[in-house]
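Structure assessment
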Amino acid sequence: MLAPKRVKWRKHQKGKMRGKADRGGTLYFGEFGLQSTECGKITSKQIEASRVAMTRSVKRGGSIWVRIFPDKALTKKPAETRMGSGKGNVEEWCAVIKPGRIIFEMGGITKVEAFEALRLANHKLPLRCKPISKETEALAKKAAEVKKAAAKA
């Protein structure tokens, strides 16, 4: 399971998950990817389950890149504990995901195989995602440019 080797602070505040991802929204390593469409937290166990589902689906073919890392500590108080008396202990690690973030990338396989593997990986995650490819990314970029040009005119 993924977890940081060491951290400066052991416990984090919850924070807000607003807005869109300001980085990590384009494909860099592979031809296909899984892009989030909503905010959420993905734990290290969920990342590992998705990765295993993808590798089993493609039967050790192609390459897989995990583009997120769980670096935020999630705390939990013990069961049947009274209110107060501080914050609970660190139970697991998670990655905060915003819309537009690429979670996984794949390469070296066909589009049909990749999209099926990404669909299986998406079922292991607690938030909605969509499979994308270099082609669909280029089309979306072109559509955004046309929309921007029409807004100026």
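None of the values given here were measured: they were computed from a predicted structure.

1. Observations concerning the sheet that holds strand β1 (residues 32-36)
Whenever strands of a sheet pair, they do so through backbone hydrogen bonds, lying parallel or antiparallel. Spatially, β3-β6-β1-β7 is the arrangement adopted by the four strands of the open sheet, whose pairing is antiparallel. In this open sheet, the two strands that pair with only one neighbour each are β3 (63-66) and β7 (129-133). Across the sheet, the mean angle from the axis of one strand to that of its neighbour is 20°, orientation sign disregarded. Strand direction decides the pairing type here: β3 and strand β6 (residues 102-107), joined by four bridges, are antiparallel. Paired with I64 across the two strands is M106, which belongs to β6.

2. What about the pattern of salt bridges?
If charged atoms from side chains of opposite charge come close, those side chains can pair. Evaluated as defined, the whole model comprises six salt bridges. In this structure, E105 engages R67 in a salt bridge whose closest nitrogen and oxygen atoms are separated by 2.2 Å. On the criterion of sequence distance, the pair formed by E105 in strand β6 and R67 in the loop between β3 and β4 (72-76) is long-range, its members being 38 residues apart. Here E116 ties to R119 by a salt bridge, and the two come within 2.7 Å at their closest N and O atoms. One end of the pair is E116 and the other is R119, both in helix α2 (residues 111-123) and three residues apart, which spans about a single turn. The exposure class of E116 is partly exposed, given its relative accessible area of 34%.

3. With respect to a nonpolar patch on the surface
On the surface, L2, V66 and F69 cluster together to form a nonpolar patch covering roughly 210 Å² of accessible area. Tracing the chain through its elements places F69 in the loop between β3 and β4. Relative accessible area serves as the criterion here: at 38%, F69 is assigned to the partly exposed category.

4. Focus: the state of the cysteines
One pass over the structure, following the stated rule, counts zero disulfides. Between C39, a free cysteine, and C129, which holds the nearest cysteine sulfur, the sulfur-to-sulfur gap is 12 Å. Sulfur of C94: no disulfide; nearest cysteine sulfur belongs to C39 and is 13 Å away.

5. Side note on the sheet that holds strand β5 (residues 89-97)
In spatial order, the strands read β2-β5-β4; together these three strands make up an open sheet with antiparallel pairing. The sheet terminates laterally at β2 (40-43) and β4, the two strands that pair on one side only. Taken over all neighbouring pairs, the strand axes of this sheet differ in orientation by 50° on average, direction set aside. The sheet contacts of helix α1 (residues 44-57) involve β2 and β5, and relative to β2 the element is tilted by about 70°.

6. A look at the pairing of β1
Judged by how many residues are buried, β1 sits mostly within the fold: five of five residues are covered. Burial of β1 is two-sided: the residues F32, L34 and S36 facing one way and the residues G33 and Q35 facing the other way are all buried. Both β1 and β7 contribute to a ladder of five bridges, which runs antiparallel. Within β7, the residue paired with S36 across the bridge is C129.

The rules behind each value
- Residues numbered from 1 in each chain as written.
- Predicted model: local features only at pLDDT ≥ 70, side-chain atom pairs only at ≥ 80, totals over all residues.
- Heavy atoms only, no water.
- Pairing = 2+ DSSP bridges.
- Helix = DSSP H or I, 4+ residues; strand = E, 2+ residues; numbered from the N terminus.
- Axes fitted to C-alpha atoms, helices over the stretch in contact; angles between N-to-C directions.
- Salt bridge = Lys/Arg side-chain N within 4 Å of Asp/Glu carboxyl O.
- Buried < 20%, exposed > 50% of the residue type's maximum accessible area, 1.4 Å probe, protein only.
- Patch = residues over 30% accessible without salt bridge, like charges linked within 9 Å, V, L, I, M, F, W, Y side chains within 5 Å.
- Areas by Shrake-Rupley, 256 points an atom, 1.4 Å probe, with all protein chains shown as cover.
- Disulfide = S-S within 2.5 Å.
- Contact = heavy atoms within 4.5 Å.

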